[in-house]
Amino acid sequence: MQTDRLSEVVSQLQAVGMSAYEAKAYVALVAAGEPINGYEVAKRSGVPRSTVYETLAKLVARGAAFEVADGDGRQYLSLPPESLLRRIRDDVESTIDALSEALPSMTKASPVHLVHNLQGRDAVVARALDLIHEADDDVYLSVWSDELGDLEPALVEADARRVDVSALVFGDGDLLPVGHVHRHTFSEPDIVLDRVGCRLLILAVDHTRVLVGGAVGDTMWGLFSEDPAVVLVAIEFIRHDIAFQALVTEIGPDRARELFSTDPTLRHLMTGRSAPRLALS
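Note that this is a predicted model, so its numbers are computed, not measured.

**Some thoughts on the overall build of the protein**
Thought 1: A count of helices and strands for the protein gives eleven helices and ten strands.
Thought 2: Over its C-alpha trace the protein gives a radius of gyration of 28 Å, far above what one expects of a compact globule, namely 19 Å for 281 residues.
Thought 3: Burial status across the protein gives 36% buried among its 281 residues.
Thought 4: Of all intrachain contacts in the protein linking residues separated by at least 6 positions in sequence, the fraction that spans at least 24 positions is 56%.
Thought 5: Of the roughly 16400 Å² of accessible surface on the protein, a fraction of 54% belongs to carbon and sulfur atoms.
Thought 6: Each charge sign in the protein was given a centre, from 26 positive and 43 negative side chains, and these centres are 4 Å apart.

**Some details on the confidence of the model for the protein**
Thought 1: Taken over all residues, the pLDDT of the protein has a mean of 88, while the share at 70 or more is 92%.
Thought 2: Low pLDDT (under 50) marks residues 273-281, which in the prediction has 17 contacts with non-local residues, meaning those over four places away or in another chain.

**Points about the nonpolar core**
Thought 1: Grouped together as the largest cluster of nonpolar side chains are 29 residues, with contacts concentrated most on Val-139, Leu-141, Leu-151, Leu-155 and Leu-203.
Thought 2: Elements represented by at least two residues in this core include exactly α6 (121-134), β5 (138-144), α7 (145-160), β6 (164-170), β8 (199-205), β9 (209-216) and β10 (219-225).
Thought 3: For Leu-151, the residues in contact, after removing those within four places along its chain, are Val-125, Ala-128, Leu-129, Ile-132, Leu-141 and Leu-201.

**What about the packing of aromatic side chains?**
Thought 1: Tallied over the full model, the rule gives five aromatic pairs.
Thought 2: A centroid spacing of 6.3 Å and a plane angle of 55° characterise the contact between Tyr-53 and Tyr-76, whose relative ring orientation is tilted. Placement of the pair is Tyr-53 in helix α4 (residues 49-61) and Tyr-76 in strand β3 (residues 75-78), with a sequence separation of 23 residues.
Thought 3: Accessibility expressed as a relative area gives 34% for Tyr-53, which makes it partly exposed.
Thought 4: With a centroid separation of 5.3 Å and an interplanar angle of 90°, the aromatic rings of Phe-186 and Phe-244 are classed as edge-to-face. Of this pair, Phe-186 sits in the loop between β7 (180-183) and α8 (189-196) while Phe-244 sits in helix α9 (residues 228-251); the two residues are 58 residues apart in sequence, bridging distant segments of the chain.
Thought 5: An aromatic cluster of three or more residues is present, and its members are Phe-186, Phe-244 and Phe-260.
Thought 6: Between Arg-127 and the ring centre of Phe-224, over which it is positioned, the NZ or CZ distance is 4.4 Å.

**Let's talk about the packing of α6 against α7**
Thought 1: At a minimum axis distance of 9 Å, the contact between α6 and α7 shows a crossing angle of 20°. Between α6 and α7, the angle falls in the class roughly parallel. Crossing angle aside, the handedness with which α6 passes α7 is right-handed. In this structure, α6 contributes Arg-121, Val-125, Ala-128, Leu-129, Ile-132 and His-133 to the contact, and α7 contributes Asp-146, Glu-147, Asp-150, Leu-151, Ala-154, Leu-155, Glu-157 and Ala-158.

**A few points about helix α1 (residues 3-15)**
Thought 1: Compared with the 18 Å implied by 1.5 Å per residue over 13 residues, the 18 Å span of α1 between its first and last C-alpha is a close match.
Thought 2: Within the sequence span of α1, burial applies to Val-9, Val-10 and Leu-13. Summarising the axial view, the buried residues of α1 lie within an arc of 100°, below the 170-degree limit, and thus occupy one face. In α1, the exposed residues that point more than 90 degrees away from the buried face are Asp-4 and Ala-15.
Thought 3: Contacts from the buried residues of α1 go to α2 (20-32) and α5 (81-106).

**Observations concerning the packing of helix α3 (residues 38-45) against α4**
Axis angle and axis distance: for two packed helices, these are the angle between their axes and the distance between the axes, and together they describe the pair.
Thought 1: Interaxial distance between α3 and α4 falls to 9 Å at its minimum, and their mutual angle equals 110°. Looking at the two axes, α3 sits roughly perpendicular to α4. For the pair α3 and α4, the crossing hand works out as right-handed. Between α3, through Gly-38, Tyr-39, Val-41 and Ala-42, and α4, the contact on the second element is made entirely by Arg-49, Val-52, Tyr-53 and Leu-56.
Thought 2: Of the residues belonging to the contact of α3 with α4, the class tally is six nonpolar, one polar and one charged.

The rules behind the values
Residues numbered from 1 in each chain as written. Predicted model: local features only at pLDDT ≥ 70, side-chain atom pairs only at ≥ 80, totals over all residues. Heavy atoms only, no water. Helix = DSSP H or I, 4+ residues; strand = E, 2+ residues; numbered from the N terminus. Rg over C-alpha atoms; globule rule 2.2 N^0.38 Å. Buried < 20%, exposed > 50% of the residue type's maximum accessible area, 1.4 Å probe, protein only. Contact = heavy atoms within 4.5 Å. Areas by Shrake-Rupley, 256 points an atom, 1.4 Å probe, with all protein chains shown as cover. Lys, Arg positive; Asp, Glu negative; His and termini not counted. Charge placed at Lys NZ, Arg CZ, Asp CG, Glu CD. pLDDT = per-residue confidence, 0-100. Core = buried A, V, L, I, M, F, W, Y, C linked by side-chain atoms within 4.5 Å. Phe/Tyr/Trp six-rings, centres within 6.5 Å; stacked < 30°, edge-to-face > 60°. Lys NZ or Arg CZ within 6 Å of the ring centre and 35° of its normal. Axes fitted to C-alpha atoms, helices over the stretch in contact; angles between N-to-C directions. Parallel < 35°, antiparallel > 145°, perpendicular 65-115°, else oblique. Left-handed = near helix turned anticlockwise from the far one by under 90°. Expected span 1.5 Å × (residues − 1). Arc of directions from axis to C-beta. Nonpolar A, V, L, I, M, F, W, Y, C, P; charged D, E, K, R; others polar.

Below you can see the structure in the form of structure tokens.
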């Protein structure tokens, strides 16, 4: 087995509860394909000879290996990987089921509305996915196609659970095959980016929680809130954006542009002077 691949497998076994020595010894037993003694395990795995039998005993205790009687001494055989993985999966699922019952009963209602900041694309996307998976009734979403791909599987799954999905998508790319989804077509994407300063992401679920974020290139930030006022503003923002897009579709983009170029109030709003510029440093 290649060194990089071996290190990856050892790390993954550690992630599911084995020590580094246990993981290395188990991999050596699997690679051997036949019973081998502790000396061979140490030689093949890099586990020190002084601790190899203690390590093998731990593998036997957890059921990941078997001690084989042999006239020349103790030998060891691995539990087949398929069986080990099934046992690990069953154990993890059993633990999650137990925690699913225990943890909610320990939750104390917060006396304040939670707000926390998120830094980095991975953190923002992960929190957005959390919210979509937790949605029971509805999802309101304003998103750019750059981020939509990360969220689409969860949105499709939410739609399958009969969660009402309403979304406005900026930029190119395919639309979601779910819910009430519209593409922003009134302004070109580069005009929107110039006016706002970032790819704005707004996600509200069940009228109780909201995530507001922005991205410039690969740099991304976000804010999560349970404050009812923030949730209300976010939902109304998305609803009005979708309603505006529906009106543009009805009267035609040319007529809409004419109105925005001749009406003083609409012309003023198009300058962006009425809203803060959301730029990332």
